[in-house]
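What follows is the residue order along each chain.
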Amino acid sequence: MKVLKFGGTSVANAGNIKKVIEIVKHKNNNNGLIVVASALGGITNQLEICGEMAGRGEDGYKIILQEVEKKHLSVINGLFPLKSQSQIKAGIKMLLNELEDICLGMFLLHEINARVHDKLLSFGERLSGLILSEAFNFHGVIMKYLDAREIIITDDSFGRVQVDFEETQRRVESQLGNMKQYAFISGFISAAKDGTPTTLGRGGSDYTAAVLAALTNSSVLEIWTDVDGVMTADPAFVENAIPLKKLSYSELMEMSHFGARVIFPPSIQPVMKKNIPVWIKNTFRPEMPGTLINYKGTPNGTLVKGLSHIEDVVLLTLTGGGMVGVTGTAARLFSCLSRKNINVILITQASSEHSITLAISLSDKGKAQKAVEQEFASERKLAVIDTLLVEQNLSIIALVGDNMKSSLGLSGKAFDALGKNGVNIRAIAQGSTERNISFVVKKKDVTKTLNVLHERFFQISYKKVHLFMMGVGNVGGTLLQQIQDQYGYLKKEYALKIKVVALADSRHMLFDKKAIDFNSPKQQLETNGEPLDSELFLKKMQTLNLRNSIFVDNTASHKVAGMYEKILRNSVSVVASNKIASSGAYYVYKQLNSTALLMKKKYLYETNVGAGLPVLKTIRDMKKSGDRILRIKAVLSGSLNFIFNQFTEGVKFSDVVLQAREEGYTEPDPRIDLSGKDVMRKILILARESGYPLEPEEVQITSFMPENLMKQNSVEAFMNALGGYNDHFDKLRLNAAREGKKLRYVAEFDNGKARVGLQMTDALQPYFQLDGKDNIVLIYSQRYNEQPLVIKGAGAGAAVTASGVFADIISIVNQ
């Protein structure tokens, strides 16, 4: 004997029912087969609404009844030719008339009780059973229709009945014993001994199938639904969720209890006692293997089998010094909740006995709070127990797996991953079986939590990183192109998908949770973007609450730099080519790095000095290894080095600056480079990274720029006026040439002091042969005292700067 159960989605319409018939056709089981089915998809919910409205005296219930009738007649029209419909429609009409009479009674009395409620809900399966049994026979699957109310017998505790297994066994043997043919039995519905209709409650159709499988000693129970099996997580929340090949009964029970929607936990009990294997299969993809559930599961499989969650949970915390060492407090707490039929989902208690925390459903919040306050009213008056703490907008996440008990550090891995993504855990519980670790998080963090844990514990297709990028000019635009160029390689070789979900320039911002298309992103920003609002940008980033999020700043904006603190505190890492934050007041620099450490995020700004050169990383590594930086000599402006290398006899200084600006070697405002301010910022950052708390005003700047020229009130005015000062710059060049020297803008740090300025360097200096836009950094330390550690290479340009930003992004991804 085999038992096949089909859920509401599997029989939601005529097309789906035909798929069900084809599945049963191909079973060819000579030892008998039982088909159990639910009501048509959505009908039970409609009946619930209908009953509520009728019980309140609202005649809108009639519209619901019309919709119920229309749906069933539509299914009949899709399954049978016109000449074969009349008898079936007559039977359906009789049931609908009976249903209408019941609703009218509730409407007139303004009342619905548990007994009537059970009878009302039974019509869903009675209606579907009539249609389905006829459809099987019409389409060539000879099927005997058996009324579940004559087989599944319960007590008369309407709304929460218990199956009378002894009487049900007798009836099963009477009607199904030694049966070799096929039988159809509606799920969910049952009857008391006097024949009064009852229902088996939530998951009732699964329970019907499990009871029948157990009492007929079936070889297998197949549950057909709309997913490919039990998934590693809810695919509605986790895009990369995958079906599991095997689970143990206990693993399924744990996952189902904590929200996995494949099967209701009590439903598995009858087959578990008989060790009958259960298959979870997909009606719409019957070729998929599905999930097998048995005692063994997968003994040597993955540690974590799946993730489940329950939304809309409330935490109740009872605290007080009067609880310590007092016996019976917990018993009183749970007893008062039990008397109100309140289910406790999770329990945790501090070893100090000072507090007990438990989780309940949001729907039970009001009566639970009242029950606890009444129970401990006397202790409250004596102030030995505090006011009950009630927290809502929470959800429970559960890690489930039989093999978890044999693993060390699993909880640590989970909490570390969540901590890095800014997920705060409100409560934790773990049973002694160690096959379940449950914890409570904010409801808004559910999607992020599930995805973070899924990436951590399952071999998924790809890891996704979400970028929020401000600045799409030279560096930003080049970075977008580099990410696009490397996308296929990173996906193939490192299973990494980098998704740009937000872009902004000085005027517009654009968000797309699925990812902004790499083709013409600037045009999309211009066409589809909304006006830039920095605060709104932050708010949207926070609302999206995506895992593995990185904010990328490719601007030179003070306002954007001022956003870093908030961004880091929202558990988003920051990568900045913008130097302003790290070269401003020392306390800001220190605060940002401290906040990143506190929030377990990264604040990376390698490109602040040397563009793509590993200058800051080298200094950090030297410090970590115990070395001490003593002094630094450097040419840190690729822009100025390019300018002075191109500034030769016969070339105007103004033309070279214009060329450097157009090729992206200078800041958008070249005065920042020419004033020495950019170099000042860089040597300041190097000093700070070396462990010296310098302030910007402590760096001495010797300017070579005429004061009047630098006072121009705009970039355009400055560029227009620059040509009038070419003689001034020619004199500087000629003075150096007469002595066989070259002009270099040099930064020096020594003995806690820093200075920058234009120098004439001879051939003995390492700066002399510095080509193009190259930088050179000479680091003198305790270990590199006589011969400095030298870092040299291109230090300006959109390509190398973008590659440095890209490297920082990859560094965060790999942490």
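Refer to the preceding data block for the structure.
Fair warning: this is a prediction, and the values are worked out from it, not measured in the lab.

Reading guide: rules and limits
- Residues numbered from 1 in each chain as written.
- Predicted model: local features only at pLDDT ≥ 70, side-chain atom pairs only at ≥ 80, totals over all residues.
- Heavy atoms only, no water.
- Patch = residues over 30% accessible without salt bridge, like charges linked within 9 Å, V, L, I, M, F, W, Y side chains within 5 Å.
- Areas by Shrake-Rupley, 256 points an atom, 1.4 Å probe, with all protein chains shown as cover.
- Salt bridge = Lys/Arg side-chain N within 4 Å of Asp/Glu carboxyl O.
- Helix = DSSP H or I, 4+ residues; strand = E, 2+ residues; numbered from the N terminus.
- Buried < 20%, exposed > 50% of the residue type's maximum accessible area, 1.4 Å probe, protein only.
- 1 Å grid on protein atoms, 1.4 Å probe; cavity = no way out; pocket = protein on both sides within 12 Å on 5 of 7 lines; lining within 4 Å.
- Points joined across faces, edges and corners; volume = space filled by probe spheres on them.
- Nonpolar A, V, L, I, M, F, W, Y, C, P; charged D, E, K, R; others polar.
- Arc of directions from axis to C-beta.
- Contact = heavy atoms within 4.5 Å.
- Phe/Tyr/Trp six-rings, centres within 6.5 Å; stacked < 30°, edge-to-face > 60°.
- Lys NZ or Arg CZ within 6 Å of the ring centre and 35° of its normal.

### Focus on a nonpolar patch on the surface
Phase 1: On the surface, L104, L108 and L109 cluster together into a nonpolar patch covering about 320 Å² of accessible area.
Phase 2: Locating L109 in the fold gives a position in helix α4 (residues 86-109).
Phase 3: Taking the relative accessible area as the measure of exposure, L109 reaches 62% and is therefore exposed.

### Focus on the pattern of salt bridges
Phase 1: One pass over the structure, following the stated rule, counts 38 salt bridges.
Phase 2: Here D621 ties to K617 by a salt bridge, and the two come within 2.9 Å at their closest N and O atoms. Linking D621 with K617, this pair stays in helix α21 (residues 615-624), spanning 4 residues, or about one helical turn.
Phase 3: For K617, a relative accessible area of 47% corresponds to the partly exposed category.

### Notes on empty space enclosed by the protein
Phase 1: Scanning the entire structure with this criterion turns up 1 cavity of 30 Å³ or more.
Phase 2: If you add up the space inside the largest cavity, you get close to 30 Å³.
Phase 3: For the largest cavity, the full set of lining residues is L316, T317, L318, L333, L337, I356, L358, V372 and L388.
Phase 4: For the lining of the largest cavity, the secondary structure elements donating two or more residues are β12 (306-319), α10 (329-338) and β14 (355-361).
Phase 5: The leading source of residues in the lining of the largest cavity is β12, at 3 residues.
Phase 6: In the lining of the largest cavity, the residues fall into 8 nonpolar, 1 polar and no charged.

### Notes on helix α13 (residues 410-420)
For an α-helix, the turn length of 3.6 residues means that residues three or four places apart are oriented alike.
Phase 1: Taken together, the buried positions of α13 are L410, A414, A417 and L418. One side of α13 holds all its buried residues, which, seen down the axis, span an arc of 95 degrees.
Phase 2: Buried residues in α13 make contact with β15 (389-400), β17 (436-442) and α14 (446-457).
Phase 3: Immediately beyond the C-terminal end of α13, within one or two residues, lies G422, with a positive phi of roughly 75 degrees.

### Some thoughts on the layout of surface pockets
Phase 1: One number sums up the size of the second largest pocket: a volume of about 990 Å³.
Phase 2: What lines the second largest pocket is a set of 31 residues, and nearest its centre among them are N593, Y603, L604, R620 and K624.
Phase 3: At the level of secondary structure, the elements contributing two or more residues to the lining of the second largest pocket comprise α20 (586-598), β24 (603-604), α21, α25 (677-689) and α29 (798-813).
Phase 4: Residue contributions to the lining of the second largest pocket peak at 7 residues, all from α20.
Phase 5: Looking at the lining of the second largest pocket residue by residue, the classes come out as 10 nonpolar, 7 polar and 14 charged.

### Observations concerning the packing of aromatic side chains
Phase 1: Scanning the model with the defined rule gives 24 aromatic pairs in all.
Phase 2: With a centroid separation of 5.8 Å and an interplanar angle of 35 degrees, the aromatic rings of Y586 and Y589 are classed as tilted. One end of the pair, Y586, and the other, Y589, are both in helix α20, 3 residues apart, so they sit about a helical turn from each other. Here Y586 and Y589 have matching classes, each one buried.
Phase 3: Here F647 and F653 contribute two aromatic rings whose centre-to-centre distance is 5.2 Å and whose plane-to-plane angle is 75 degrees, an arrangement assigned as edge-to-face. Comparing F647 with F653, the two get one shared label, buried.
Phase 4: An aromatic cluster is defined as three or more aromatic residues linked by ring pairs; in this entry it consists of F468, F511, F537, F551, Y564, Y603 and Y605.
Phase 5: The cationic tip of R631 hangs over the ring face of Y780; the distance from NZ or CZ to the ring centre is 4.1 Å.
Phase 6: Here R733 stacks its cationic end above the ring of F647, 5.6 Å away from the centre of that ring.

So, to be careful, I would describe these as geometric facts and stop short of saying anything about function.
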